[in-house]
Amino acid sequence: MPKNKNIKSILIIGSGPIIIGQACEFDYAGSQAIRSLKEEGIEVTLINSNPATIMTDPSLADNVYLKPLTTKSIIEILKIHPNIDAVLPTMGGQTALNLCIEADDKGIWKDFNIELIGVDIDAINITEDRELFRKLMIKIGIGQAPSTIANSFLKGKEIAQEYGFPLVIRPSFTLGGFGASIVYDKESFDDLLSRGLEASPIHEVIIDKALLGWKEFELELLRDKNDNVVIICTIENMDPMGIHTGDSITVAPAMTLSDTTFQKMRDMAILMMRSIGDFAGGCNVQFAVSPDEKEDIIAIEINPRVSRSSALASKATGYPIAKIAAKLSLGYHLDELNNQITKTTSALFEPTLDYVIVKIPRWNFDKFEGSDRTLGLQMKSVGEVMGIGRSFQEALHKATQSLEIKRNGLGADGKGVKDYDKIIQKLTYASWDRVFVIYDAIQMGIPLSRIHEITKIDMWFLKQYEELLALENEISTYKLDSLTYELLLEAKQKGFADRQIAHMLGCWESEVHAKRMELDIHRVFKLVDTCAAEFNAQTPYYYSTFENKMTTSKGCYADNESKVSTKKKIVVLGSGPNRIGQGIEFDYCCVHGVLAAKELGYETIMINCNPETVSTDFDTADKLYFEPVFWEHIYDIIKHEKPEGVIVQLGGQTALKLAEKLDKWGVKIIGTSFEALDLAEDRKRFSELLVDLDIPFPKYGTATTADEASAIADNLDFPILVRPSYVLGGQGMKIVINKEDLEKHVVGLWRKMPNNVLLLDHYLDGAIEAEADAICDGEDVYIIGIMEHIEPCGVHSGDSNATLPPFNLGEFVMQQIKDHTKKIALALKTVGLINIQFAIKDDIVYIIEANPRASRTVPFISKAYQEPYVNFATKVMLGENKVKDFKFNPQLEGFAIKQPVFSFNKFPNVDKKLGPEMKSTGESILFIDSLKDDQFYELYSRRKMYLNK
């Protein structure tokens, strides 16, 4: 039993909707914590307003409250559950910590006799109040950058005069670097100081002398009640100081840190954690190190909670930080707990890596027209990917292949920047694609010393790039027939994809693959085991690499640690990095798909590359391959495992896009066939199907040239909705109101998406939008939910407030929606989930689009109606059940409203109007008893305010 036997019931505070700076890493941490506490027989109550996450699934916590994260909600919950003994606020990011402080200030914890565990209020206050933190660091002898606090505009001006430029402005009590900036000159200082003071809830900033060019490192720590501390992971930022860690390319373990400096940093981190408060749990500490021989160390900050970096560190090492931190908060000591991967060593055993991790952020600047795309102290990325390899070069390539930005890795894909001035600009003002541009710069002949001088990226990393380019140049002198075994193996060991090698040789990817097979160069799979293979690991968590063959008494072979069982297997393809249009809701669907397949006796295999998610937890699926959701990697895993088939309809557009290749290479797609998936994506063929079914849809035409688009416009009448095929999140969609507008938009689209077929629809001005989700087995259809959007047709469904059930649709309209949904689901031969979107005008229901896959709204409907629809749908996909086998019994009193959440505050100069292209980063759920509710009235009254035509 836990050391503190008085704790029998715990409240966990979640992090709320996904925003830039606070994403699904807290869903992962919170889910782990809930499971960890329940293992100890603790009753767990959760408050979190995010319907899209696994964390808020009813199968996890004993009591789940999908309520706004306010002290009012906390009081309501504590009154319903007077038996709650303690609150754990460290699993919900800054939102949870801030709410915890507010509740403490109001005396709520004291009133209800609630103990705070995992952290203490003093620790939160010291780490959030930059002046208190600075004074404490000076007191314990930890280096600090020269800095002064300013809580007025005048004081800020005085500090700037004293320090000179460049300066760093950091607001107190904000998240993801919100409001922070580097100020290079006095011209921009006034604006940036005002922004910082406004961003801080206490209107306070700390102004630092900028440490530009210094190297940045992070350490992840755990500490128990007995004051044992372990360092779980060292993380080095490839980008130097000046770029928020959430926007930095990071590497684990640290590559350029001397052992002496690491030992100093380690001692400092332990001293810092011990000095900020007497608590047991996790901590993330960030340091700056001078880029000279002295390697001076300065502490930047400490976060007394699990963080974005601790999710990364957990996946990097296989050590489940949040799970262990939850147990430590109960009073356990580290030496009393087992390492979850080896099951034999203690949790006090520090992880050792025999591989390299590279994390690259994923940005979505295309959704924020006019945004400042340079990177700085304010985080702007919406997700991240992680690559695991035997070397930095291999891991870097795998991470770039995971990003899903139409790049095949570093270089060798014909998409590099060739303009000298553009390259210098992107290096000088850190750009989102700088990871690629460094390669282009070396290829152009710009010396490493010059690249280092501009970027301040350590020369070690630049030399790794140089080696990759040298190998590309060497391979480019060969033809496929003459390429040697040694050179091809080296290219694969350094992470080059088959299609990159094909680009170098001027041949097809399939020919390179055939050559690899002929030369017996196969991927092998290695365990992530936390202990560099010193002990046996019992958790099947794998990454791929290429090895030189060894000769033993068993023959000549490369060692493959992934043993294939004789069980029937199912592969679930994950959704890759989070982005606007494809977020955490697809991770929710993948996890439920895995659990449903497990229930049916299948061995489940998960393939995904997102370190923030529950699907990439080491014990979600029976086997986890932490690999890019990239054709070559997937195909090699499928050949190795020989599954019954692959589920593609749970991983969003990422997984769906691979359906064609799977079909072509003879891999069985579980559920809806590729032909049906493709028919729904191809807007022209889908419209022809609707004609056959006698289902109305807006007048349309398809165009492949600007002249065709202009001719179609003559027949359709403006306004016209322009939509590219095969996109997610409304990418590239726009309502145009005249020919000039139309031409400008279509020319821009074809520049970004060459060869794409555009669909031009007559836009139904003033129409109501609705959508339905359903499960179909090819014979019967069950509609799981119909939602009406509060905003008018023309605002992307992901950006609309949507009510379940509809609030304003008559019986005649509802019947049309039901009839159309059933007809389309059956005509597409859907097996599994389908989402259909409608526009309603003059009581006629028109079809906008159909997606025969899991949609963004499925988790929302599942939470609102308290039914596990993805579980049911997966069992239908696998052919184990028919729709009529399930007893559907939705439970909802009143209405549930899906409310989008935006992160516009990260992009102050961006047009915030809404339109057909999605811009929201997350969502919350609001339950109301009736349409007379004030919150509903407010949403309805401003529904047309943001429509952007």
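What comes next concerns the included structure. (Residues numbered from 1 in each chain as written. Predicted model: local features only at pLDDT ≥ 70, side-chain atom pairs only at ≥ 80, totals over all residues. Heavy atoms only, no water.)

## Some thoughts on the packing of helix α14 (residues 434-444) against helix α15 (residues 448-455)
1) Next: Here α14 crosses α15 at 150°, and the two axes come no closer than 10 Å. Of the possible angle classes, the one that applies to α14 and α15 is roughly antiparallel. The element α14 and its partner α15 pack so that their crossing is right-handed. The residues of α15 that touch α14, namely those facing Arg434, Ile438, Ala441 and Ile442, are Leu448, Ile451 and Thr455.
2) Next: Residues of the contact of α14 with α15, tallied by class, amount to five nonpolar, one polar and one charged. (Axes fitted to C-alpha atoms, helices over the stretch in contact; angles between N-to-C directions. Helix = DSSP H or I, 4+ residues; strand = E, 2+ residues; numbered from the N terminus. Parallel < 35°, antiparallel > 145°, perpendicular 65-115°, else oblique. Left-handed = near helix turned anticlockwise from the far one by under 90°. Contact = heavy atoms within 4.5 Å. Nonpolar A, V, L, I, M, F, W, Y, C, P; charged D, E, K, R; others polar.)

## Digging into the side chain of histidine 796
1) Next: Along the chain, histidine 796 falls in the loop between β30 (781-792) and β31 (802-804).
2) Next: What makes histidine 796 buried here is its relative accessible area of 12%.
3) Next: Within the local environment of histidine 796, its side chain forms a polar contact with the backbone nitrogen of glycine 798, the two atoms lying 2.8 Å apart. (Buried < 20%, exposed > 50% of the residue type's maximum accessible area, 1.4 Å probe, protein only. Polar contact = N/O pair within 3.5 Å; in protein donor to acceptor, adjacent residues only side chain to side chain.)

## Some details on the nonpolar core
1) Next: The biggest cluster of nonpolar side chains holds 173 residues, and the ones touching the most others in it are Ile10, Ile12, Leu573 and Val648.
2) Next: Among residues more than four places away in sequence, those in contact with leucine 573 are Cys590, Met606, Ile607, Ile634, Val646, Ile647, Val648, Gly651, Ala655, Leu658 and Leu662. (Core = buried A, V, L, I, M, F, W, Y, C linked by side-chain atoms within 4.5 Å.)

## Overview of a negative patch on the surface
1) Next: A cluster of like negative charges, contributed by Asp707, Glu708, Glu740 and Glu743, occupies part of the molecular surface.
2) Next: Elements that contribute at least two residues to the negative patch include exactly α26 (706-716) and α27 (739-752).
3) Next: As for its position among the elements, glutamate 708 is in helix α26. (Patch = residues over 30% accessible without salt bridge, like charges linked within 9 Å, V, L, I, M, F, W, Y side chains within 5 Å. Areas by Shrake-Rupley, 256 points an atom, 1.4 Å probe, with all protein chains shown as cover. Salt bridge = Lys/Arg side-chain N within 4 Å of Asp/Glu carboxyl O. Lys, Arg positive; Asp, Glu negative; His and termini not counted. Charge placed at Lys NZ, Arg CZ, Asp CG, Glu CD.)

## Quick notes on α26
The periodicity of an α-helix, 3.6 residues per turn, causes residues three or four places apart in sequence to face the same way.
1) Next: Regarding α26, the residues found buried are Ala709, Ile712, Ala713 and Leu716. End-on, the buried residues of α26 take up no more than an arc of 110°, which puts them together on one face. Across α26 from its buried face, at more than 90 degrees, point the exposed residues Asp707 and Asn715.
2) Next: Looking at the buried residues of α26, the elements they touch are β25 (700-703), β26 (720-724), α27 and β28 (758-762).
3) Next: Phi turns positive, to about 75°, at aspartate 717, one or two residues after α26. (Arc of directions from axis to C-beta.)

## Observations concerning the sheet that holds β26
Through backbone hydrogen bonds, the strands of a sheet pair up, either in parallel or in antiparallel fashion.
1) Next: The strand order across the open sheet built from four strands is β25-β28-β26-β27, with neighbouring strands paired in antiparallel fashion. Every other strand in the sheet has two partners, leaving β25 and β27 (734-736) as the edge strands with one partner each. Pairwise comparison of adjacent strand axes, ignoring direction, gives a mean angle of 25° for this sheet.
2) Next: Bridge analysis of β26 against β27 gives three bridges, and the strand direction is antiparallel. Bridge pairing links leucine 721 to isoleucine 735 in β27.
3) Next: Sheet strands touched by helix α25 (residues 683-693): β25, β26 and β28. Its angle to β25, the strand with the most contacts, is close to 155°. (Pairing = 2+ DSSP bridges.)

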